[in-house]
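Residue strings, one per chain:
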Amino acid sequence: MNDELVKLQQMVTLLTRKADREHQAKVAAEKLLDEKSRELYLAKQLVEESLTSIQEKSDQDIALIKLKSYIESILLDFNQNFLQKPLSNSLLQLLVDDLSAIEQFSTIELVFKNAQQSQSLLRFHAGESIEWQSQPEDSKFAWSADGSQLTININANNEFLGCLRIGISVPQNWMHTIEKQLLVFGDMLLAAYQRQALLDRTLAAKRRAEQSERSTRDFVAMINHELRTPLSGIVGSTELMLKTHLTDEQEALLNTMMQSGELLKVIINDLLDVSKINAGMLQLNETSFSPRQLCDMIKDSFSIQTQKKQLNFKFNYQASIPSYLVGDPDRIKQLFVNLIGNAIKFTEKGSVNVDVQWVNEMFCFTITDTGCGIPQSSIDTIFEPFTQANNRSNRKFEGTGLGLTICRLLVSEMGGHISIDSDENVGSTFSIALPLARAQVNLKMVEAPIENIDISQTSVLVVEDSHTNQMLIKLMLAKLDITPQLASNGQEAIEFLKDNQVDIIFMDCRMPIVDGYEATVILRNQGYNKPIIALTAGTTSTERDLCFTSGMNDIVNKPYKLDDLKQALMKWVAQLSQ
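What should I look at first to understand the overall build of the protein chain in this one?
Check the secondary structure of the protein chain and you find 13 helices and 18 strands. Residues classed as buried in the protein chain amount to 42% of the 578 residues present. Long-range contacts, defined as pairs at least 24 residues apart, comprise 67% of the intrachain contacts of the protein chain with a sequence gap of at least 6. Total accessible area on the protein chain is roughly 32,900 Å²; 51% of this is exposed by carbon and sulfur atoms.

Honestly, the pairing of strand 7 (residues 312–317) in this entry has me stumped. Any pointers?
Regular strands show a simple pattern: their side chains alternate between the two faces of the sheet. Judged by which residues are buried, strand 7 turns out to be one-sided: Phe 313, Phe 315 and Tyr 317 face inward and are buried, whereas Asn 312, Lys 314 and Asn 316, on the alternate face, are not. Inspection of the sheet shows strand 7 paired to strand 9 (residues 351–359) by 6 bridges, in the parallel sense. When the sheet's bridge partners are listed, Asn 312 is paired in strand 9 with Ser 351.

Is there a simple way to think about the nonpolar core in this case?
One recurring pattern in soluble globular proteins is that nonpolar side chains are buried together. In this structure, Phe 336, Ile 340, Val 356, Phe 363 and Phe 365 are the most contacted members of the largest nonpolar core, which totals 43 residues. Of all elements in the fold, only helix 5 (291–308), strand 7, helix 6 (329–345), strand 9, strand 10 (362–369), helix 8 (403–413), strand 11 (417–423) and strand 12 (427–434) reach the threshold of two or more residues within this core. With 7 residues, the single largest contributor to this core is helix 6. With 42 residues, the next largest nonpolar core counts Trp 143, Leu 182, Leu 190 and Tyr 193 among its residues.

In this structure, what is going on with the side chain of Gln 149? I would like to understand it.
Note on placement: Gln 149 falls in strand 4 (residues 149–156). Judged by its relative accessible area of 7%, Gln 149 falls in the buried class. Among the polar contacts listed, one links the side chain of Gln 149 to the backbone oxygen of Glu 131, at a separation of 3.1 Å. Here the side chain of Gln 149 touches Gln 133 through a polar contact of 3.0 Å, landing on its backbone nitrogen. Non-local contacts of Gln 149, meaning those with residues more than four positions away in its chain, are made with Ile 130, Glu 131, Trp 132, Gln 133, Ala 142, Trp 143, Ser 144, Ile 166 and Ile 168.

I keep staring at the sheet that holds strand 8 (residues 325–327) and nothing clicks. Help me out?
The strands making up a sheet associate through backbone hydrogen bonding, with each pair oriented either parallel or antiparallel. The sheet built from 3 strands is open, its strands ordered 6-8-13 with antiparallel pairing. Each edge of the sheet is formed by a strand with only one pairing partner; in this case those strands are strand 6 (287–289) and strand 13 (437–438). In the sheet, strand 6 pairs with strand 8 via 3 bridges, with the strands oriented antiparallel. By the bridge assignment for strand 8, Phe 289 is matched with Leu 325.

Just checking my understanding: could you explain the sheet that holds strand 12 for this structure?
One open sheet accounts for 5 strands, arranged 7-9-10-12-11; its pairing is mixed. Edge positions in the sheet fall to strand 7 and strand 11, since each of these pairs with one other strand and no more. Each strand axis lies, on average, 10° off the axis of its neighbour in the sheet, ignoring direction. The strands that helix 8 touches are strand 11 and strand 12; relative to strand 11, the one it contacts most, it runs at about 145°.

When you look at a nonpolar patch on the surface in this model, what are you seeing that I'm missing?
A surface patch of nonpolar side chains, amounting to about 270 Å² of accessible area, comprises Leu 5, Leu 8 and Val 12. Relative to the assigned elements, Leu 5 resides in helix 1 (residues 2–84).

It is not clear to me how unusual backbone geometry should be interpreted in this structure. Could you clarify?
Most peptide bonds take the trans form, and the phi angle of most residues other than glycine is negative. Its identity as a non-glycine residue notwithstanding, Asn 360 has a phi of 50°, on the positive side. Residue placement: Asn 360 occurs in the loop between strand 9 and strand 10.

What am I meant to see in the packing of helix 5 against helix 6 here?
Between two packed helices, the angle of one axis relative to the other and the distance separating the axes together describe the packing. Viewed as axis vectors pointing N to C, helix 5 and helix 6 meet at an angle of 25°, and their least axial separation amounts to 11 Å. It follows from the interaxial angle that helix 5 and helix 6 lie roughly parallel. Of the two possible hands of crossing, helix 5 and helix 6 adopt the one that is right-handed. Of the residues in helix 6, those touching helix 5 at Leu 294, Cys 295, Met 297, Ile 298, Phe 302, Gln 305 and Thr 306 are Pro 329, Ile 332, Lys 333, Phe 336, Val 337, Ile 340, Gly 341 and Ile 344. For the contact of helix 5 with helix 6, the residue count by class is 11 nonpolar, 3 polar and 1 charged.

Quick question: what am I supposed to make of helix 6 here?
Residue pairs spaced three or four apart in an α-helix point in one direction, given the helix's 3.6 residues per turn. Here helix 6 contains 17 residues, and its C-alpha end-to-end distance of 24 Å stays within 8% of the 24 Å for a straight helix at 1.5 Å per residue. All of the buried residues along helix 6 are Pro 329, Arg 331, Ile 332, Gln 334, Leu 335, Phe 336, Asn 338, Leu 339, Ile 340, Asn 342, Ala 343 and Ile 344. You can read the cap of helix 6 off the contacts: a side-chain oxygen lies 3.2 Å from the backbone nitrogen of Asp 330, and it is on Asp 328.

Which parts of the structure should I look at to understand the packing of aromatic side chains?
The relation between two aromatic rings is expressed through the spacing of the ring centres and the mutual angle of the planes. All told, the structure shown has 7 aromatic pairs when counted by the stated rule. Centre to centre, the rings of Phe 78 and Phe 82 are 6.1 Å apart; their planes meet at 50°, and the pair counts as tilted. With Phe 78 and Phe 82 both in helix 1 and 4 residues apart, the pair spans about one turn of that helix. Here Phe 82 falls in the buried class, since its relative accessible area comes to 5%. Relative to Phe 365, the ring of Phe 363 has its centre 5.8 Å away and its plane inclined at 55°; by these criteria the two rings are tilted. On the accessibility criterion, Phe 363 (0% relative accessible area) is buried. Three or more aromatic residues link up through ring pairs in this structure, and these residues are Phe 313, Phe 315, Phe 336, Phe 363 and Phe 365.

How should I be thinking about helix 13 (residues 562–576) in this particular structure?
Along its 15 residues, helix 13 runs 21 Å from first to last C-alpha, staying within 8% of the 21 Å computed at 1.5 Å per residue. Turning to helix 13, its buried residues number three or more, namely Leu 562, Leu 565, Ala 568, Leu 569, Met 570, Trp 572 and Val 573.

Sorry, what's going on with the pattern of salt bridges here?
Close approach of charged atoms lets side chains of opposite charge pair. All told, the structure shown has 7 salt bridges when counted by the stated rule. Between Lys 498 and Glu 495 there is a salt bridge; the shortest N-O distance is 3.3 Å. Remark: Glu 495 and Lys 498 occur in helix 10 (residues 490–499); sequence separation between them is 3 residues, near one turn of the helix. A relative accessible area of 53% means that Lys 498 is categorised as exposed. Judged by its relative accessible area of 39%, Glu 495 is partly exposed. Note that Lys 558 is salt-bridged to Asp 508, the shortest N-O span being 3.1 Å. In this pair, Lys 558 is assigned in the loop between strand 18 (554–557) and helix 13 and Asp 508 in strand 16 (residues 504–508), connecting sequence segments 50 residues apart. The buried category is assigned to Asp 508, whose relative accessible area is 1%. Among the charged side chains, a salt-bridge network with shared partners connects Glu 109, Arg 123 and Arg 165.

It is not clear to me how the environment of Leu 253 should be interpreted in this structure. Could you clarify?
Structurally, Leu 253 can be placed in helix 4 (residues 248–278). For the pair Leu 253 and Leu 242, spaced 11 residues apart in sequence, the C-alpha to C-alpha distance is 9.9 Å.

Rules behind the numbers
Residues numbered from 1 in each chain as written. Predicted model: local features only at pLDDT ≥ 70, side-chain atom pairs only at ≥ 80, totals over all residues. Heavy atoms only, no water. Helix = DSSP H or I, 4+ residues; strand = E, 2+ residues; numbered from the N terminus. Buried < 20%, exposed > 50% of the residue type's maximum accessible area, 1.4 Å probe, protein only. Contact = heavy atoms within 4.5 Å. Areas by Shrake-Rupley, 256 points an atom, 1.4 Å probe, with all protein chains shown as cover. Pairing = 2+ DSSP bridges. Core = buried A, V, L, I, M, F, W, Y, C linked by side-chain atoms within 4.5 Å. Polar contact = N/O pair within 3.5 Å; in protein donor to acceptor, adjacent residues only side chain to side chain. Axes fitted to C-alpha atoms, helices over the stretch in contact; angles between N-to-C directions. Patch = residues over 30% accessible without salt bridge, like charges linked within 9 Å, V, L, I, M, F, W, Y side chains within 5 Å. Salt bridge = Lys/Arg side-chain N within 4 Å of Asp/Glu carboxyl O. Parallel < 35°, antiparallel > 145°, perpendicular 65-115°, else oblique. Left-handed = near helix turned anticlockwise from the far one by under 90°. Nonpolar A, V, L, I, M, F, W, Y, C, P; charged D, E, K, R; others polar. Expected span 1.5 Å × (residues − 1). Phe/Tyr/Trp six-rings, centres within 6.5 Å; stacked < 30°, edge-to-face > 60°.

Here it is as structure tokens:
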């Protein structure tokens, strides 16, 4: 019995201990659960706070990206605009307006130097009106103390061109990014200003060049007229006097006067040719021509000169040269005349030989003389303007020294080349090669010579403002048994032709009241269809073209001779009779 009681007590003690342990475990578990609950609560709060922070940062990043994208879009658009359009006030104001549309920018102001008037500043504004804080002009950018204003200065070579000011409201961590974005606008505006300034300078230089070219053209045309008009009086009067009864002494004096007039004509032509070529006014009048006829004419014209100096003159023409070529026969003739004339002038005894050939599809001619030759030290400069091998005051041979310069310039215009081989006291050889095209031969090229038809019954009106030239042409036409009607300007000619008819008009181009060009246009518009022949001192292609575009049929250049008038009359009387 006692043993059972002891066992029962032991069991109770064990059960009690077990119950205590379970209670303690339950208390510990409840305590642990409570602690874990608090930890979970704190963790939840931390996560929520982190999520809020991340969301806020994400929203800021998205807003910054949107802002950057909008700024870059404006930058791209205006970069293209500034490249395609001139820098204008409307374009700058549009830029300011577009920037002011950005949500974070409350106001925009652009102060910029006027590209056309560099001393003045232009102001462009959009948004709110605020008081701008002063910033130094030498810094590239500057923030206001409170970070609400950003100033981007635009400078070039230490010169202040202007500034871009922005009233801004952005987080502090955005400021560096926005600053870099807006600095690019300053660079864009600087580049646009410099491009516009360069364009303005280029256009101004172009206008000055065009004005200079117009002035040069006007001067050449004016001096051409002013020199040739009195020369026409000298040459014309001398020619007419030579056809009268003269003593031997009078004839010798008049021949000297005629030679001097012809020499003066050559000098004037040379000076004007150089002026025209240097001014870019020379135009080649290319046409089909017979090189054989051209060379025969040149040969005949120099035969008398070489006979007078007792020089042996040979003119060798290769039979294989094409019958017709395309080029400017007047300018090619000028090359022959200058080189052969020089050869004769500088050759006292011996020979002058001309060889004309067709080599490698090029029209080539060589002039060789046995004259004084050119020193090797002068060959490099012989083609320069106003240059002769001997330019001293005691030189033997007169001349302007422009002949070879003109030859070089003309050959260059024709795409050819010129060369010289010379030995002092032995002689010189000048060679020219011109790339001329072959012309297709047709019947129109082979013009029959004008017959010596009767022109004495031709009625002629001469429109000329110079009384001297009126007298001369009247005397010249009298030699052809023609008594012309006279008018002193285009208006008089128009009035005369209202009630009278003539077969041919000789029309001076430069006259007061109504000039020859305008008078011809008026007459053609009124239905006048008879030949009008220009009497002009103008030799530029522009003046020649103006003659034909105004309605004139032909040109006789001053100073003209009796034969020039006769040939023109015979040509057009022949056409009138067809």
